[in-house]
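Structural features, examined
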Amino acid sequence: FYSPDGETIYFAVSLALWKVSVSPQSGEPVGKAVKVGDLGSTAIRHATLSADGKKLAYSAWTGANNLWAVSLSPATQEAMAAPAALTNEAGTRHMQPAFSPDGQRIAFAALRRGSRWGIWTMNADGQNPTQITVDGGRSPSWYPDGQQLAFLSLRQGHRRMWSVALEHGKEQPLFELEDMEDVRLSPDAKQVAFNFTHQGIINLATIPVAGGQPKQLTFDRELAGW
């Protein structure tokens, strides 16, 4: 939005609020943008400036995105205790948890402020968080041996599935396919299921890990996924 005198534009980038001076005649920027406010993990949105230019009003978008676990009864699958937080980190989104085949570890995706999505692992009790990928990654799934992960990553404009060996971190590309999101590896590691966007509508599809043509499984007219 413009300042009352029309000589400054305020705008949001990610979670912070910035301003840049502009020429009233040409509308071109004058100088570099300056950060006005940064509330950490809170996003500043819909800001407005008072007539005297001394105060800002804005809406604040706050949210905690952490992973939780709850113990279940083996007999009834009912909760045996209150949920417990596995992660508790401000300014970071933790998503898409996946238990290892032996149930001892959890792989998940994390987005830290100022960085890209990445794949992490931790013990099932939340201890020993370990970063696995450094060049992006989401939607982790375990291979049956518990020694490798498959994940989705957008790198150099290419949306690909990758595998990574946990012991030494070596990554291997699997296949490339646009319009796929929220991917899960099958238990035998031979195919993946994913959100498939076709003509603007999300449905479920599968594709072999070796690549090929996706097989659409649902044909909802609005959304069927996850």
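Placed above this text is the structure.
Report follows, based on the coordinates. (Residues numbered from 1 in each chain as written. Predicted model: local features only at pLDDT ≥ 70, side-chain atom pairs only at ≥ 80, totals over all residues. Heavy atoms only, no water.)

The number of helices and strands found in the protein is 0 helices and 19 strands. Here the C-alpha radius of gyration of the protein, 22 Å, is well above what a compact globule of 226 residues would show, namely 17 Å. With respect to the principal axes defined by its C-alpha atoms, the protein has extents near 65 × 45 × 40 Å. Within the protein, buried positions represent 35% of all 226 residues. One finds the centroid of the 20 positive side-chain charges in the protein at a distance of 4 Å from the centroid of its 21 negative side-chain charges. (Helix = DSSP H or I, 4+ residues; strand = E, 2+ residues; numbered from the N terminus. Rg over C-alpha atoms; globule rule 2.2 N^0.38 Å. Buried < 20%, exposed > 50% of the residue type's maximum accessible area, 1.4 Å probe, protein only. Lys, Arg positive; Asp, Glu negative; His and termini not counted. Charge placed at Lys NZ, Arg CZ, Asp CG, Glu CD.)

Let's shift gears to the sheet that holds strand β13 (residues 148-155). Taken together, the 4 strands give an open sheet; going across it, the order is β12-β13-β14-β15, and neighbouring strands pair in antiparallel fashion. Looking along the sheet, the strands with just one partner apiece sit at the ends: β12 (138-142) and β15 (171-176). Direction aside, neighbouring strands of the sheet carry axes that sit 25 degrees apart on average. Looking at chain direction, β13 and strand β14 (residues 158-165) are connected through 8 bridges and run antiparallel. If you follow A150 over to β14, its bridge partner there is S163. (Pairing = 2+ DSSP bridges. Axes fitted to C-alpha atoms, helices over the stretch in contact; angles between N-to-C directions.)

This next bit is on the pattern of salt bridges. What the rule picks out here adds up to 8 salt bridges. Between E178 and R159 there is a salt bridge; the shortest N-O distance is 3.9 Å. Taken together, the residues E178 in the loop between β15 and β16 (180-185) and R159 in strand β14 connect sequence positions 19 residues apart. Taking relative accessible area as the criterion, E178 reaches 37% and is therefore assigned partly exposed. Here the salt bridges share partners, and the residues they tie into one network are R116, D135, R155 and E171. (Salt bridge = Lys/Arg side-chain N within 4 Å of Asp/Glu carboxyl O.)

One open sheet holds the 3 strands; their spatial order is β1-β2-β3, and the pairing between them is antiparallel. In the strand order of this sheet, the two ends are held by β1 (8-13) and β3 (29-37), each with one partner. Between one strand axis and the next, the sheet turns through 25 degrees on average, direction left out of account. With 5 bridges joining them, strand β2 (residues 16-22) and β3 adopt antiparallel strand pairing. If you follow W18 over to β3, its bridge partner there is K35.

A surface patch of nonpolar side chains, amounting to about 380 Å² of accessible area, comprises F1, V36, L39, L56 and Y58. Along the polypeptide, F1 turns up in the segment before β1. Judged by relative accessible area, F1 falls into the partly exposed class, the value being 32%. (Patch = residues over 30% accessible without salt bridge, like charges linked within 9 Å, V, L, I, M, F, W, Y side chains within 5 Å. Areas by Shrake-Rupley, 256 points an atom, 1.4 Å probe, with all protein chains shown as cover.)

Turning our attention to the environment of A12. Position of A12 among the secondary structure elements: in strand β1. Accessibility expressed as a relative area gives 41% for A12, which makes it partly exposed. On a C-alpha basis, the gap between A12 and T76 in space is 49 Å, while along the polypeptide they are 64 residues apart. Excluding residues that lie within four positions of it along the chain, A12 makes contacts with L17, I44 and R45. (Contact = heavy atoms within 4.5 Å.)

Turning next to the pairing of β15. Bridge analysis of β14 against β15 gives 5 bridges, and the strand direction is antiparallel. Its bridge partner being in β15, V164 is matched across the sheet by E171. Linking β14 back to β15 in an antiparallel pair, the connection comprises 5 residues, with G169 at a positive phi of about 75 degrees.

Ranked by size, the top nonpolar core spans 16 residues in total, and within it M161, F175, M180, V183, L185, V192 and F194 carry the most contacts. Among the secondary structure elements, those contributing two or more residues to this core are β13, β16, β17 (191-198) and β18 (201-208). Excluding its chain neighbours within four sequence positions, the residues that come into contact with L185 are S141, W142, Y143, A150, Q191, V192 and V209. Membership of the second largest hydrophobic core comes to 10 residues, among which are I119, L149, F151 and V164. (Core = buried A, V, L, I, M, F, W, Y, C linked by side-chain atoms within 4.5 Å.)

Evaluation of the coordinates by the stated rule reveals 2 aromatic pairs. On the numbers, 5.0 Å between centres and 10 degrees between planes, the contact of F1 with Y10 is stacked. Taking relative accessible area as the criterion, Y10 reaches 11% and is therefore assigned buried. Ring plane angle 90 degrees and centroid distance 6.0 Å describe the contact between F194 and F196, whose orientation is recorded as edge-to-face. Each of the two residues, F194 as well as F196, counts as buried. The residue whose ring lies beneath R155 is W162, and the NZ or CZ to ring-centre distance is 4.5 Å. (Phe/Tyr/Trp six-rings, centres within 6.5 Å; stacked < 30°, edge-to-face > 60°. Lys NZ or Arg CZ within 6 Å of the ring centre and 35° of its normal.)

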